[in-house]
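# Structure assessment
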There are 2 protein chains.
Amino acid sequence: MRSGRAPTLEDVARVAGVSRATVSRVINGIRNVDPQLHEVVWEAVGQTGYVPNRLARSLVTRRTGTVALIVSDSETHDDDPFMGRFFADPYFGRVVGGLMSVLRREGVQLALQIVGTDEGKKRLVGDLRSGQADGAIVLSLPAADPLPRMLAEADVPAVMIGRPAEPVPVDYVDLANDTGAAMAAEHLLSRGCRRIGMISGPADVPASSDRISGFRRAMARHGHGWVPTAAGNFTQASGETAMRTLLAENPALDGVFVANDLMALGALLALREVTRSVPGDIAVIGFDDSSAATAAAPQLTTIRHPLEDMAAEAARLLLARVEEPSLRVASVIYEPSLIRRGSA
Amino acid sequence: MRSGRAPTLEDVARVAGVSRATVSRVINGIRNVDPQLHEVVWEAVGQTGYVPNRLARSLVTRRTGTVALIVSDSETHDDDPFMGRFFADPYFGRVVGGLMSVLRREGVQLALQIVGTDEGKKRLVGDLRSGQADGAIVLSLPAADPLPRMLAEADVPAVMIGRPAEPVPVDYVDLANDTGAAMAAEHLLSRGCRRIGMISGPADVPASSDRISGFRRAMARHGHGWVPTAAGNFTQASGETAMRTLLAENPALDGVFVANDLMALGALLALREVTRSVPGDIAVIGFDDSSAATAAAPQLTTIRHPLEDMAAEAARLLLARVEEPSLRVASVIYEPSLIRRGSA
DNA sequence: CCTCTCGTGGAGAGCGCTTTCCGAGTCTGC
DNA sequence: GCAGACTCGGAAAGCGCTCTCCACGAGAGG
């Protein structure tokens, strides 16, 4: 472990008194090696403190043992204050945790890449194509993101978390967002709410629009053809603002569906400000069941989004596709469930 | 952008009618190239859709343009349920966000590595030493982690976030945890609390022990030689439990310092359960000023921990050391500040 | 007019590894 | 006892790139 140049295969071979080829075979556990030599080689490996150079190995095997986690955004220049918020959001951590739970076991590492400009996306695809990583897990934020299609066209193994905005032949895992939103509607209705509003996310993101349509449809099925709605951007602050505007326009609200927990937290704050009790005066139901849900007071009744499991599945899907690129395009849809807590 | 093998330098050279060397020079912007050829080469690059192979380049330049983010834990086997919690914690996201804010600008990517076993650490250091990444940002969780020393001995450029438990010649950024805890004590005292307890983190982690000693020292300076303490492990659930035991043993408590916001959230829950009003009956002050602080009700008075800035500084430090390995060992200590909100 | 210098680009030697190809040695079966 | 099959390990050809070294031609100086 001393400094200086790291030992190479050559060094080990010299110490063991065999050829580089033999050492390579032993290390990679290839048959056809005399057990005795095997022994000698491992001895030499221990003695030299040899560790294979992953780069060199990858160059020839075309396998890197790395998967890229791509956060695809759309901005014009590279300084986007939004990113800070994104990482702070429980969403990111849950995805990473789920991903790592399977990648780690396989000894695969995760390389984080943020990409915003089209230029950057082009370079990214090129890097991926030239073997920078074995595949990519894609978190595509903007509505009209060219990246999924680019990836598909370049034949880069990729799995999206959340379906692509427009149909693209790429694997993805997603949540039945519409079903979840419908469950929220049913729950609010079943507990007797009659003047129900919604705080939605940005209308152009699939996950968000599915929640909107799922909620509206379910409400309509029960005779509520019109649902007052205010849009936020999934941050706590935006939820607070949205709640205020919603309330201003619909003072008699007795229930609200908030499209994610973070905004629900904001909504709770806004309600406390005007001394409406939750769930007494107004019931609040969130979405995601993130850590924010239990942090709130009252704790949030919410729709569980098994993000960790989904991310883990995405990782498995990706690994499978890397192994066998000709697999047919797969999508796995998870079912949400209602988590009853104090707020509704 | 069609499929098949990605174009190589060779291909570009053929198209441009020059040698590989010349193309390489043009692409890397090296002087001594006839402007006219320059033109021709770029033309060929565009035509072939060539993207340099980072792996091959790294192999020879010994620069990868990648920094490893190492989460160093200590477990005996690889399935640690703790990790899921770790990623979900705002801590992780804040660090990644801070790191990326500077790495991104430099076009450096972040490779996430979790490592638990000593075996794994050894391999990791080997990988790093053989040029897997240009350097490492280390989040060392366990108290007696051999990793920092291993890194230092292997001469791997590394910067720790949070000081190492035992002195090791390695760069680090840290927070003046003791000062922060002292600020919490002063604040509690100044608002009139007289029976003050503490919910601490694990005693063997530096960040945690510094908060404990800082708090105790400040309390002692004001004549409170003894501070009832219950320990948690920085999770919300552990904070809830700790609050309950603390309360059971010291029913008259009128103030409590909780060593991080997540546990403070749990403490708030426990207090609500026994209908103690905050801050009326008992003042609660947290630590970190994470997103949990504003999610709580009442919002948490807390000690601000500029983690994003610290992570960004760590990234800068690391990049500087990669550039110039002989730099003397540096440490940057950030000052915390008191954030007044509702809970104390 | 000849030599010296300098700017320019090609040839080729690696970076550390895997893997094909082959030759040499060992067994088996007839 | 020998052809054929099989085992084992070495030599060497790359993977795609960078960069040193060298050859060549042109402009400058004597």
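Every value quoted in this text rests on a predicted model; they were computed, and no experiment measured them.

## Regarding the overall build of chain A
In terms of helices and strands, chain A carries 14 helices and 12 strands. Taken over the C-alpha trace, chain A has a radius of gyration of 26 Å; the compact-globule value for 344 residues is 20 Å, which it surpasses by more than 25%. Overall size of chain A, expressed as C-alpha extent along the three principal axes, is 85 × 35 × 35 Å. Long-range pairs, those at least 24 residues apart, make up 71% of the contacts in chain A between residues at least 6 apart in sequence.

## Some details on the packing of helix 4 (residues 54-61) of chain A against helix 4 (residues 54-61) of chain B
Where helix 4 of chain A meets helix 4 of chain B, the axes come as close as 9 Å, and the angle between the chain directions of the two elements is 145°. The chirality of how helix 4 of chain A crosses helix 4 of chain B is left-handed. Across the interface between the two elements, A:Leu55, A:Ala56, A:Ser58 and A:Leu59 from helix 4 of chain A touch B:Leu55, B:Ala56, B:Ser58 and B:Leu59 from helix 4 of chain B. A breakdown of the residues in the contact of helix 4 of chain A with helix 4 of chain B according to their chemical character gives 6 nonpolar, 2 polar and no charged.

## Points about the protein's contact with DNA strand D
Close contacts around DNA strand D come from 26 residues, with A:Asp34, B:Thr8, B:Leu9, B:Ala21 and B:Ala56 the closest. Elements that contribute at least two residues to the surface near DNA strand D include exactly helix 2 (20-27) and helix 4 of chain A together with helix 2 (20-27) and helix 4 of chain B. If one sorts the elements of the surface near DNA strand D by residue count, helix 4 of chain B sits on top with 5 residues. A per-class count over the surface near DNA strand D returns 13 nonpolar, 8 polar and 5 charged.

## Describing the environment of A:Ala133
In this fold, A:Ala133 is placed in the loop between helix 7 (118-129) and strand 3 (135-140). The contacts of A:Ala133, once residues within four sequence positions are left out, are A:Thr64, A:Thr66, A:Val67, A:Ala68, A:Ala111 and A:Leu128.

## Points about the relation of the copies chain A and chain B
Related by rotation about an axis and a shift along that axis, the two copies of the chain form a pair. By a simple turn and slide, chain A fits onto chain B: the slide is 0.1 Å along the axis, the RMSD is 0.2 Å, and the turn is 180°. This pairing of chains is accounted for by a two-fold axis. Among all C-alpha atoms of chain A, that of A:Ala111 lies closest to the rotation axis, at 2.1 Å. Mapped onto chain B, 100% of the interface residues of chain A are again interface residues, and the two copies thus contact each other with one and the same surface.

## Things to note about the interface of chain A and chain B
Taken residue by residue, the interface counts 53 residues in chain A and 53 residues in chain B. Looking at which element gives the most residues to the side of chain A that touches chain B, the answer is helix 6 (residues 90-103) of chain A, with 8 residues. Classifying every residue of the side of chain A that touches chain B by side-chain character gives 23 nonpolar, 17 polar and 13 charged. Bridge analysis of strand 2 (residues 109-115) of chain A against strand 2 (residues 109-115) of chain B gives 3 bridges, and the strand direction is antiparallel. Bridge pairing links A:Leu110 to B:Leu112 in strand 2 of chain B.

## A closer look at helix 2 of chain A
Residues and elements named next belong to chain A. Three or more residues of helix 2 are buried, namely Thr22, Val23 and Val26. Down the axis of helix 2, the sector holding all buried residues measures 100°, keeping them to one side. Against helix 1 (9-16) and helix 3 (35-48) lie the buried residues of helix 2. In the segment just after helix 2, Gly29 is the residue with positive phi, at about 60°.

## A word on the sheet that holds strand 7 (residues 229-231) of chain A
Residues and elements named next belong to chain A. The sheet built from 4 strands is open, its strands ordered 7-6-8-9 with parallel pairing. Unpaired on one side and paired on the other, strand 7 and strand 9 (283-285) mark the two borders of the sheet. Between one strand axis and the next, the sheet turns through 15° on average, direction left out of account. As paired elements, strand 8 (residues 255-258) and strand 9 share 3 bridges and run parallel to each other.

## Quick word on the protein's contact with DNA strand C
Close to DNA strand C lie 27 residues; A:Thr8, A:Leu9, A:Ala21, B:Ser19 and B:Asp34 are nearest. Where the surface near DNA strand C is concerned, the elements lending two or more residues are helix 2 and helix 4 of chain A together with helix 2 and helix 4 of chain B. Of the residues that constitute the surface near DNA strand C, the class distribution is 13 nonpolar, 8 polar and 6 charged.

## Comments concerning the packing of helix 6 (residues 90-103) of chain B against helix 14 (residues 307-323) of chain B
All names here are of chain B. Across the interface, helix 6 lies against helix 14 with an axial gap of 7 Å and an inter-helix angle of 45°. Regarding the angle of helix 6 to helix 14, the classification is oblique. Where helix 6 crosses over helix 14, the handedness of that crossing is right-handed. Contact residues: Tyr91, Arg94, Val95, Gly97, Gly98, Leu99, Ser101, Val102 and Leu103 in helix 6; Leu307, Glu308, Asp309, Met310, Ala311, Ala312, Ala315 and Arg316 in helix 14.

## Some remarks on unusual backbone geometry
Cis geometry is found at the peptide bond from A:Ala297 to A:Pro298, where omega equals -5°. Take A:Pro298: it is sitting in the loop between helix 13 (291-295) and strand 10 (302-304). That bond from B:Val278 to B:Pro279 is cis: its omega, 5°, falls within 30 degrees of zero. Within the fold, B:Pro279 resides in the loop between helix 12 (261-273) and strand 9 (283-285). With a phi angle near 50°, A:Thr275 is a residue other than glycine that sits in the positive phi range. By the secondary structure assignment, A:Thr275 is in the loop between helix 12 (261-273) and strand 9. Not every positive phi belongs to a glycine, and B:Asp155 is a case in point at roughly 60°.

## Points about the pairing of strand 4 (residues 158-161) of chain B
Residues and elements named next belong to chain B. The alternating pattern of strand 4 places Ala158 and Met160 on one face and Val159 and Ile161 on the opposite face, and all of these are buried. Both strand 3 (residues 135-140) and strand 4 contribute to a ladder of 3 bridges, which runs parallel. Directly across from Ile137, in strand 4, lies its bridge partner Val159. Running through helix 8 (residues 147-153), the crossover from strand 3 to the neighbouring parallel element strand 4 is right-handed. Across 3 bridges, strand 4 lies against strand 5 (residues 171-175) in parallel orientation. Paired with Val159 across the bridge in strand 5 is Asp171.

Definitions and cut-offs
Residues numbered from 1 in each chain as written. Chains lettered and ligands numbered in written order. Predicted model: local features only at pLDDT ≥ 70, side-chain atom pairs only at ≥ 80, totals over all residues. Helix = DSSP H or I, 4+ residues; strand = E, 2+ residues; numbered from the N terminus. Rg over C-alpha atoms; globule rule 2.2 N^0.38 Å. Contact = placed C-beta atoms within 7 Å. Axes fitted to C-alpha atoms, helices over the stretch in contact; angles between N-to-C directions. Left-handed = near helix turned anticlockwise from the far one by under 90°. Nonpolar A, V, L, I, M, F, W, Y, C, P; charged D, E, K, R; others polar. Near = placed C-beta within 6 Å. Least-squares fit on C-alpha atoms with pLDDT ≥ 70 in both. Pairing = 2+ DSSP bridges. Buried ≥ 20, exposed ≤ 12 C-beta atoms within 10 Å, placed from the backbone. Arc of directions from axis to C-beta. Parallel < 35°, antiparallel > 145°, perpendicular 65-115°, else oblique. Right-handed = clockwise from strand over helix to strand, strands pointing away.

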